[in-house]
Every structure is written in structure tokens, then in C-alpha cells.
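Structural description and commentary
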Amino acid sequence: MGGDRRCDATQGGDAVASREPNCLFCKIVAGEVPAEIVREGERTIAFRDINPQAPTHVLIVPREHVATAAEAAHADVGLLDEIAREAEEVAKVDGVAETGYRLIFNTGTGAGQTVFHVHGHVLGGRGLEWPPG
């Protein structure tokens, strides 16, 4: 499937958030796969990465399935802003807001995206080299 993967179906006048049945992050959002939840918002959920690359490594995902950051930029005005706001809150909770943190979106296989449900990586708690690799 390509393009915008959001569901425009409605039920009782409310939009039904889309979900991809084989998407790992959709399963975490639904509570079907366990994760160490850091924060939950109305539109997002933040949880610790199972293979952390820094002392703070938290993923922030929208509750709605959108495959990439590029799709999110076109599909839902404000979604990437919401993820950035949540990244700041995660950084505060983990005590890295003052020392600095990195917010990364991998978009596409060439950039290292392995789960095609848009997610921001919040990394902090150690020196982060530049360029990143």
C-alpha cells in the first residue's frame, strides 16, 4: 500500500483512527504488544526503544497510522508539531532537556526506517556526534 494510509471512515460522526493490522507500533498503541510507556497524549504515545542507542532513547508515535514523516507532513497539519512538543516533555521527564537531546525522523529504508509508522526518536544522556553516521 502507498500514499496516505489514514482512515477517513467515520462512526457516529467521529473519525476512526486508522490502524495497520501488521504494524508493530499500531499493536503497541492498541496495547497488544507490551512497551515501557513514558507518556501518553491524546494523539501520541511515547515508549522506550527496545534497542537503545543512548541512555535516553524514546520513540514517539502518533496513535493514528501514518507511514512516514513525509506522509505526516502532508496528511495531518500539526502532527509533527505534536511529536516535537512531546519530545520536549520526554526530555524533561528523563532529565536531558537542559543538557540537550536529538529528535530524529528516519524516512524511508535508505535513511534506516524499519517500522513504517512515523516515529520520532528522542536521544540524549550522552554526547551525540555529528555527523550522525
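The structure reproduced in this document is the subject of the present report. Small disclaimer: the values here were computed from a predicted structure and weren't measured.

Right, let's talk about the overall build of the chain for a bit. Helix and strand content of the chain: 3 helices and 7 strands. Its helices and strands in sequence order give the chain the pattern β-β-α-β-β-β-α-α-β-β, from N to C terminus. Buried residues in the chain amount to 38% of all 133 residues. For the chain, restricting intrachain contacts to residue pairs at least 6 apart in sequence, the fraction spanning at least 24 positions comes to 53%. Counting only carbon and sulfur atoms, one obtains 49% of the accessible surface of the chain, whose full area is about 7,600 Å².

A few words on the nonpolar core. In this structure, Cys23, Phe25, Cys26, Ile28, Ile45, Phe47, Leu59, Val61 and Val115 together form the largest nonpolar core, which totals 9 residues. Elements with a minimum of two residues in this core: helix 1 (24-29), strand 4 (44-48) and strand 5 (56-62). Those residues in contact with Phe25 that sit more than four places away from it in its chain are Phe47, Leu59, Val61, Val115, His117 and His119. The next biggest cluster of nonpolar side chains, apart from the first, holds 7 residues, and it includes Val58, Ile83, Ala87 and Val90.

Cis geometry is found at the peptide bond from Trp130 to Pro131, where omega equals 0 degrees. Structurally, Pro131 is set in the segment after strand 7 (120-124).

Turning our eyes to something else, we now look at the side chain of His117. Its place among the elements puts His117 in the loop between strand 6 (101-104) and strand 7. Looking at His117, the relative accessible area reads 0%, which means it is buried.

Next up on the list: the pairing of strand 7. Of all 5 residues in strand 7, 5 are buried, a share of seventy percent or more. Side chains Gly120, Val122 and Gly124 project from strand 7 onto one buried face, and the interleaved His121 and Leu123 project onto a second face that is buried too. Here 5 bridges tie strand 5 to strand 7, and the two strands are oriented antiparallel to one another. Bridging across to strand 7, Ile60 finds its partner in Gly120. By the bridge criterion, 4 bridges tie strand 6 to strand 7 in an arrangement that is antiparallel.

Moving on to the side chain of Glu82. In this fold, Glu82 is placed in helix 3 (residues 79-93). Among the residues examined, Glu82 registers a relative accessible area of 17% and is labelled buried. Those residues in contact with Glu82, other than ones at most four positions away along the chain, are Arg43 and Thr44.

All right, on to the environment of Ile37 then. Topologically, Ile37 is positioned in strand 3 (residues 37-40). By relative accessible area, Ile37 is classed as partly exposed at 36%. Between the alpha carbons of Ile37 and Leu59 there is a distance of 9.6 Å; along the sequence they are 22 residues apart. Once you skip the residues sitting within four places of it in the chain, Ile37 turns out to touch Ile45, Ala46 and Phe47.

Thresholds, definitions, all that
- Counting restarts for each chain, with residues numbered from 1 along the sequence as it is written.
- pLDDT decides what is reported in this predicted model: residues at 70 or higher carry local features, side-chain atom pairs at 80 or more are listed and counted, and totals for whole chains, interfaces and linings draw on all residues regardless.
- Note that the side-chain values use all heavy atoms of the structure and ignore hydrogens as well as water.
- Secondary structure elements follow DSSP: runs of H or I no shorter than four residues count as helices, runs of E no shorter than two count as strands, and numbering proceeds from the N terminus.
- Burial classes follow relative accessibility: with a 1.4 Å probe on protein chains only, a residue under 20% of its type's maximum area counts as buried, one over 50% as exposed, and anything between as partly exposed.
- Contacts: residue pairs with any heavy atoms within 4.5 Å of one another.
- For accessible areas, the Shrake-Rupley method is used with a probe of radius 1.4 Å. Any residue's cover is judged against the shown protein chains and nothing else.
- Buried residues of nine kinds, namely Ala, Val, Leu, Ile, Met, Phe, Trp, Tyr and Cys, make up a nonpolar core once their side-chain atoms join them within 4.5 Å.
- We call two strands paired when DSSP finds no fewer than two bridges between them.

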